[in-house]
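# What the coordinates show
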Amino acid sequence: MKITLIGCGAIGKLWLASLAIQGHDIQGWLRVAQSDLFVDVNEPDGRSFRELIPCNNINHLQTSELIIVCLKAWQVSDALLPLINTIPENTPILLLHNGMGTIEELAPLRHPILAGVTTHAAWQENNQVFHVANGITHIGAINSQAQAYYPIADILHEALPDVAWHNNILTTCWRKLIVNCVINPLTVEHNCKNGELIQHSTQISRIIDEICHVMAAEGLHTDKAELTEYIYGIINNTADNYSSMLQDMRNNRRTEIDYITGFLIKQARAHGISTPENDRLYHLVKNREQQYDDFRSSLHRSWE
Ligand code: KPL
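Model, not experiment: these values are computed from the prediction. (Residues numbered from 1 in each chain as written. Predicted model: local features only at pLDDT ≥ 70, side-chain atom pairs only at ≥ 80, totals over all residues. Heavy atoms only, no water.)

UniProt's feature table lists "domain: Ketopantoate reductase N-terminal" (unreviewed entry) at residues 3–143, given in the numbering used throughout. The annotated region residues 3–143 carries 18% helix and 38% strand content, and the separation between its end C-alpha atoms amounts to 20 Å. (UniProt positions renumbered as here; feature names shortened; annotations may be inferred. Helix = DSSP H or I, 4+ residues; strand = E, 2+ residues; numbered from the N terminus.)

What follows covers the site of the ligand. In the vicinity of the ligand, the contacting residues are N98, K176, V179, N180, I183, N184, N194, I234, S243 and S244. Residue N184 places a side-chain N or O atom 3.3 Å away from an oxygen atom belonging to the ligand. A distance of 2.9 Å separates an oxygen atom of the ligand from a polar atom in the side chain of N194. In the complex, the protein chains occlude 84% of the 280 Å² of accessible area that the ligand would expose alone. (Near = heavy atom within 4 Å. Polar contact = N/O pair within 3.5 Å; in protein donor to acceptor, adjacent residues only side chain to side chain. Areas by Shrake-Rupley, 256 points an atom, 1.4 Å probe, with all protein chains shown as cover.)

Of all five residues in strand β2 (residues 25–29), four are buried; the element is thus mostly enclosed. Examined bridge by bridge, strand β1 (residues 2–6) and β2 share five bridges and lie parallel to one another. Note that in β2 the partner of I3 across the bridge is I26. Tracing the backbone out of β1, into helix α1 (residues 10–21) and back to the parallel element β2 gives a crossover that is right-handed. (Buried < 20%, exposed > 50% of the residue type's maximum accessible area, 1.4 Å probe, protein only. Pairing = 2+ DSSP bridges. Right-handed = clockwise from strand over helix to strand, strands pointing away.)

Looking now at the nonpolar core. Within soluble globular proteins, side chains that are nonpolar generally end up buried alongside one another. Judged by nonpolar contacts, the single largest core of 41 residues is most densely connected at W174, V182 and I204. For this core, the elements supplying multiple residues, two or more each, are α6 (169–190), α7 (201–217), α8 (224–237), α9 (244–250), α10 (261–270) and α11 (276–303). Among the elements that take part in this core, α6 stands out by supplying 11 residues, more than any other. When near neighbours in sequence (up to four residues on either side) are disregarded, V182 contacts I204, I207, I208 and I231. Among the nonpolar cores identified, the runner-up in size contains 33 residues, and V41, L94, L114 and I152 belong to it. (Core = buried A, V, L, I, M, F, W, Y, C linked by side-chain atoms within 4.5 Å. Contact = heavy atoms within 4.5 Å.)

What follows is about the sheet that holds strand β4 (residues 48–54). Ordered in space as β4-β3-β9-β8, the four strands form an open sheet in which the pairing is mixed. Pairing within the sheet leaves two strands with one partner each, and these edge strands are β4 and β8 (121–125). In this sheet, adjacent strand axes meet at a mean angle of 25 degrees when their direction is disregarded. In this structure, strand β3 (residues 36–42) lies alongside β4, joined through seven bridges in antiparallel fashion. Bridge pairing in β4 places N42 opposite S48. (Axes fitted to C-alpha atoms, helices over the stretch in contact; angles between N-to-C directions.)

Glancing now at the UniProt feature "domain: Ketopantoate reductase C-terminal" (unreviewed entry) in the chain. As annotated by UniProt and renumbered to match this structure, "domain: Ketopantoate reductase C-terminal" (unreviewed entry) occupies residues 168–289. When the span residues 168–289 is considered, its composition is 69% helix and 0% strand, and the gap between its end C-alpha atoms is 34 Å.

What follows covers the packing of aromatic side chains. In this description, a pair of aromatic rings is defined by centroid distance and the angle of the planes. Summed over the entire model, instances satisfying the criterion amount to three aromatic pairs. Taken together, a centroid distance of 4.9 Å and an interplanar angle of 35 degrees make the contact between W123 and F130 tilted. Positioned over the ring face of Y230 is R175, at 4.1 Å from the centre of the ring. Above the plane of the ring of Y242 lies R250, whose end atom (NZ or CZ) is 4.6 Å from the centre. (Phe/Tyr/Trp six-rings, centres within 6.5 Å; stacked < 30°, edge-to-face > 60°. Lys NZ or Arg CZ within 6 Å of the ring centre and 35° of its normal.)

Here the focus is the pattern of salt bridges. Tallied over the full model, the rule gives 14 salt bridges. Among the ionic pairs, E277 bridges to R206, the shortest N-O distance being 3.6 Å. With a gap of 71 residues between them, E277 in helix α11 and R206 in helix α7 connect regions that are remote in the sequence. Note that K286 and E289 form a salt bridge whose closest N and O atoms lie 3.5 Å from each other. Of this pair, K286 and E289 both sit in helix α11, three residues apart, which is roughly one turn of that helix. Assessed through its relative accessible area of 25%, K286 is described here as partly exposed. Look at E289 and you get buried, because its relative accessible area is 11%. In the salt-bridge network here, residues are joined through shared partners; they are E189, R206, E277 and R280. (Salt bridge = Lys/Arg side-chain N within 4 Å of Asp/Glu carboxyl O.)

The next subject is unusual backbone geometry. Note that the residue after P161, namely D162, is joined by a cis bond; omega there is -5 degrees. Relative to the helices and strands, D162 is located in the loop between α5 (151–159) and β11 (163–165). Located in the positive-phi region is N126, a residue other than glycine, with phi close to 45 degrees. Summarising the element assignment, N126 is placed in the loop between β8 and β9 (128–133).

A word on α7. Taking 1.5 Å of rise per residue, the 17 residues of α7 would be expected to cover 24 Å, and the 24 Å separating its terminal C-alpha atoms lies within 8% of that figure. For α7, the full list of buried residues reads Q203, I204, I207, I208, E210, I211, C212, V214 and M215. Backbone geometry just after α7 places G219 at a positive phi near 80 degrees. (Expected span 1.5 Å × (residues − 1).)

Here's what the structure looks like:
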């Protein structure tokens, strides 16, 4: 299958390597164009992939049968919208990122749009990707044009298992959103690994209460006890990890807070629901991001 993958971070490179191994005709797409990219991926079982993958070929983009977008939520519309007239209207676009709200930004698109969330864990250091834990990628159709594209799940599953197709992917995206609303900002506030959050059960319970309230207003099924068990399961399974938000913060990168807690707050406001604990965490993360921005620009000024 001819595929273009936009955004070549750790998870993007994992897909590039896995799809190339399966024999797919794949290219990467980078913000700053280059003709190829060295992809170096180390698998949990010790296997490795080290190859040059072609990039930024416009003809390949125009003739791709699938576009996979593996960017941070806040980069998606800026990266995709300038390319959109180059991508034929019947080419499916799969968005894989944490958080929600990008679909609303892309809403006028006529392309088949799919969304997905993944539990694979990978990180990158000195251009080497370490795939540290296998997981499941859940994908599904966002618009009616995408409903016929369920066979993509099997094709992707062959390359990087597990991939599951969902008829109601938004429910799955909400479940991931809840996990991220709890774990990500709390690990920033307490500057800790995911596992240490078990000491903050009162805060966790308040966040879940507010989310359940919003989900119920959205017409989504909620069961606080089940959600709580699910979240603690993920806290335990990822106990030794630093959340992506804490990693972004520590590396002076913009976080996905606007598309995680920010998205939840926006939905709450639309229903007239107040979310004091989520509001507090949102402002805490935004303030810390701002401090890093100020620090970066003061460094920049001192070099001028
Ligand atoms: O998705 C994650 C993230 O860090 O963004 C969790 C599930 C919280 C694991 O760290």
